[in-house]
Amino acid sequence: MLTIESYLTAMTLYWVAAIIGLVLMRRLWFSVPLTPLGGAILGLMGGLLLAPAFPGPEVSSMAPALIIVVFNALFGAGLESAVAPALWLLGGAVLGIFAGVAWARRRARRASF
């Protein structure tokens, strides 16, 4: 059983690793002035990696939604147990796309001055 400290440590390490991964993807895969499409793709990846969800209705701790969807669909009670976390994952993906496009446009506008 996880204690509160170990749970918070694990979630913090996961978020830090995901953010470092996003920074590395940005530097290695995308052009120097980030286009809106590149921002959307990077935001989508960020939304998929960073969206949290509850594994089940009786669970009080959160976990990464992508992991919950995969594990609930494959090893849980089937697809019906993965629907609620999949909605959280979809919401994170949509928010990530909007944030990525807005970030790319803001950076492009700042670079044009």
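Preceding this section is the structure that the text describes.
Residue indices follow the written sequence of each chain, beginning from 1 at its first position. In keeping with the model being predicted, local features are shown solely for residues with a pLDDT of at least 70 and side-chain atom pairs are shown and tallied solely at 80 or more, while totals for entire chains, interfaces and linings include all residues. Hydrogens are left out, water is left out, and the side-chain values use all remaining heavy atoms of the structure.

Visitor: Teacher, can you tell me more about the layout of surface pockets here?
Guide: Vacant regions in the atomic arrangement are exposed by a probe of water-molecule size rolled over the atoms. Think of a 1 Å grid over just the protein atoms. A cavity is a set of points where a 1.4 Å probe fits yet cannot get out, a pocket is an open set with protein on both sides within 12 Å along at least five of seven lines, and lining residues have an atom within 4 Å of a point. Grid points are joined across faces, edges and corners, and a volume is the space filled by probe spheres set on the points. Taken as a whole, the largest pocket holds about 610 Å³ of empty space. Considering the residues around the largest pocket, the lining is formed by 25 residues, among which Arg26, Leu34, Leu42, Trp103 and Arg107 are closest to the centre. A run of H or I in DSSP becomes a helix once it reaches four residues, and a run of E becomes a strand once it reaches two; helices and strands are each numbered from the N terminus. Residue assignment for the lining of the largest pocket shows that the elements contributing at least two residues are α1 (4–29), α2 (36–50) and α4 (83–112). The dominant element in the lining of the largest pocket, judged by the number of residues it contributes, is α4, at 9 residues.

Visitor: Hey, could you run me through the nonpolar core in this one?
Guide: Nonpolar side chains in soluble globular proteins tend to end up buried together. Counting residues in hydrophobic clusters, the biggest one holds 9 residues: Ala18, Leu22, Met25, Phe30, Leu34, Leu42, Met45, Leu50 and Ala104. Put simply, the parts of the chain that give this core at least two residues each are α1 and α2. We define the nonpolar core as a collection of buried residues of types Ala, Val, Leu, Ile, Met, Phe, Trp, Tyr and Cys that are connected through side-chain atoms lying within 4.5 Å of one another. Summary of the burial criterion: residues with accessible area below 20% of their type's maximum are buried, those above 50% are exposed, and those between are partly exposed, where the area comes from a 1.4 Å probe applied to protein chains only. Core analysis: the next-biggest nonpolar cluster, separate from the first, contains 8 residues, Ala63, Ala65, Val69 and Ala82 among them.

Visitor: For this particular structure, what's the right way to read the environment of Ile68?
Guide: Along the chain, the position of Ile68 falls in helix α3 (residues 65–75). We classify Ile68 as buried; its relative accessible area is 6%. When the C-alpha atoms of Ile68 and Phe98 are compared, they prove to be 23 Å apart, with 30 residues separating the residues in sequence. For this analysis, residues touch if any pair of their heavy atoms sits within 4.5 Å. Residues in contact with Ile68, not counting those within four places in the same chain, are Ala53, Phe54, Pro55, Ala63 and Pro85.

Visitor: Just to check I follow, could you spell out the packing of α1 against α2 for this structure?
Guide: Two numbers describe a pair of packed helices, the interaxial angle and the distance between the axes. Every axis corresponds to a line fitted to the C-alpha atoms, with the helix fit spanning only the stretch in contact, and the corresponding angles, defined between N-to-C directions, vary from 0 to 180 degrees. Where α1 meets α2, the closest approach of the two axes is 10 Å, and the angle between their N-to-C directions is 165°. As the angle between them shows, α1 and α2 are arranged roughly antiparallel. Along this stretch, α1 crosses α2, giving a crossing that reads as right-handed. Together, Tyr14, Trp15, Ala18, Ile19, Leu22, Met25, Arg26 and Trp29 of α1 and Leu42, Met45, Gly46, Leu49 and Leu50 of α2 make up the contact between the two elements. For classification, angles of less than 35 degrees are called roughly parallel, those exceeding 145 degrees roughly antiparallel, those between 65 and 115 degrees roughly perpendicular, and all remaining angles oblique. Left-handed describes a crossing whose near helix is turned anticlockwise from the far helix by less than a right angle; the clockwise case is right-handed.

Visitor: Which parts of the structure should I look at to understand a positive patch on the surface?
Guide: Patch criteria: residues need more than 30% relative accessible area and no salt bridge. Like-charged residues are merged within 9 Å; nonpolar side chains of Val, Leu, Ile, Met, Phe, Trp and Tyr are merged within 5 Å. For accessible areas, the Shrake-Rupley method is used with a probe of radius 1.4 Å. Any residue's cover is judged against the shown protein chains and nothing else. Salt bridges, as used here, are contacts in which a Lys or Arg side-chain nitrogen is within 4 Å of a carboxyl oxygen on Asp or Glu. Positive charges are assigned to Lys and Arg, negative charges to Asp and Glu, while His and the chain termini are left out of the count. To locate a charge, take atom NZ for lysine, CZ for arginine, CG for aspartate or CD for glutamate. A cluster of basic side chains, namely Arg105, Arg106, Arg107, Arg109 and Arg110, defines a positive patch on the protein surface. With respect to the element layout, Arg107 can be found in helix α4.

Visitor: Hey, could you run me through α3 in this one?
Guide: Since the α-helix advances by 3.6 residues per turn, residues separated by three or four positions end up pointing in the same direction. Turning to α3, its buried residues number three or more, namely Ala65, Ile68, Val69 and Asn72. For α3, the angular spread of the buried residues around the axis is 100°, confining them to a single face. Seen from the buried face of α3, the exposed residues on the opposite side, beyond 90 degrees, are Leu74 and Phe75. Our arc is simply the arc of the directions from the helix axis toward the C-beta atoms.

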